Amino acid sequence: MEKRASRRVPFNAPMRFSVMGSITRPPDKMAINCESLDMSDAGMKIREKGRSLQQGHVLVIRVPITETQTTVPAMAQVQWVKTQKTGVYEAGLMFII
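The following refers to the structure shown. Residue numbers here run from 1 along each chain, matching the order of that chain's written sequence. Totals for whole chains, interfaces and linings use every residue, but because this is a predicted model, local features are given only for residues with pLDDT of at least 70 and side-chain atom pairs only at 80 or more, for both listing and counting. As a convention, hydrogens and water are excluded, and side-chain values are obtained from all of the structure's heavy atoms.

Remarks on the pairing of strand E1 (residues 9–19)
Look at any regular strand and the pattern is simple: side chains alternate between the two faces of the sheet.
Thought 1: One requirement defines pairing of two strands: DSSP has to find at least two bridges between them. The helix count covers DSSP runs of H or I at least four residues long, the strand count covers runs of E at least two residues long, and both are numbered beginning at the N terminus. As paired elements, E1 and strand E2 (residues 32–39) share 7 bridges and run antiparallel to each other. Each bridged residue has a counterpart across the sheet, and for phenylalanine 17 the counterpart in E2 is isoleucine 32.
Thought 2: Two strands pair when backbone bridges link them, and E1 and strand E4 (residues 58–64) are joined in this way by 4 bridges, in the antiparallel orientation. Note on E4: the bridge partner recorded for phenylalanine 17 is isoleucine 61.

Some remarks on the sheet that holds E1
Thought 1: Taken in spatial order, the 6 strands line up as E1-E2-E3-E6-E5-E4 and close into a barrel, and their pairing is antiparallel. The average angle at which neighbouring strand axes cross in this sheet is 45 degrees, direction not considered. As a rule, the C-alpha atoms of each element are fitted with a line to give its axis, helices using only the stretch in contact, and angles between N-to-C directions run from 0 to 180 degrees.

What to know about the pairing of E2
Thought 1: The buried label goes to any residue with under 20% of its type's maximum accessible area, the exposed label to any with over 50%, and the partly exposed label to all in between, with areas taken from a 1.4 Å probe on protein chains only. Across the 8 residues that make up E2, a large majority, 6, are buried.
Thought 2: Pairing of E2 with strand E3 (residues 43–49) involves 4 bridges; the strand directions are antiparallel. The residue of E3 that forms the bridge with methionine 39 is methionine 44.
Thought 3: Here E2 folds back onto E3, and the loop between the two strands holds 3 residues.

Points about the environment of aspartate 28
Thought 1: Here aspartate 28 lies in the loop between E1 and E2.
Thought 2: A sequence separation of 31 residues divides aspartate 28 from leucine 59, and the C-alpha atoms of the two residues are 9.8 Å apart.
Thought 3: Working rule for contacts: check all heavy atoms of both residues, and any pair within 4.5 Å makes them a contact. What aspartate 28 contacts, discounting residues up to four positions off in sequence, is Ser18, Val19 and Arg51.

By themselves these figures say nothing about function.
Quick look at the structure:
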C-alpha cells in the first residue's frame, strides 16, 4: 500500500545540493551533483554518486525549472537512503520549505 499523500511523477534532471550545518558543524561549502528521479508536491527521489547521505540530513537543493537556466532553492530532509551499487545511492527527500 502506498504511504505517500501525494503521487510522484517522473522528473529526471541534473541537480545540485548542499548539506546544511548544525550547531557543531558549519554547512558544506561545496555543492554536490545529483540527479532527480521523481517528484511530488511533498518530496522527491534523487540519485547521488560518491557520498552516502544519512537519514535526517537537511539539504539545500536547487530544483531546475524545465527548459530554462533557472533553479528554485528548496530545503528538504532525507527520509531514507538505499545503496544501489558501490558508490551509488538513492535517497527519498521530504520538502520542508
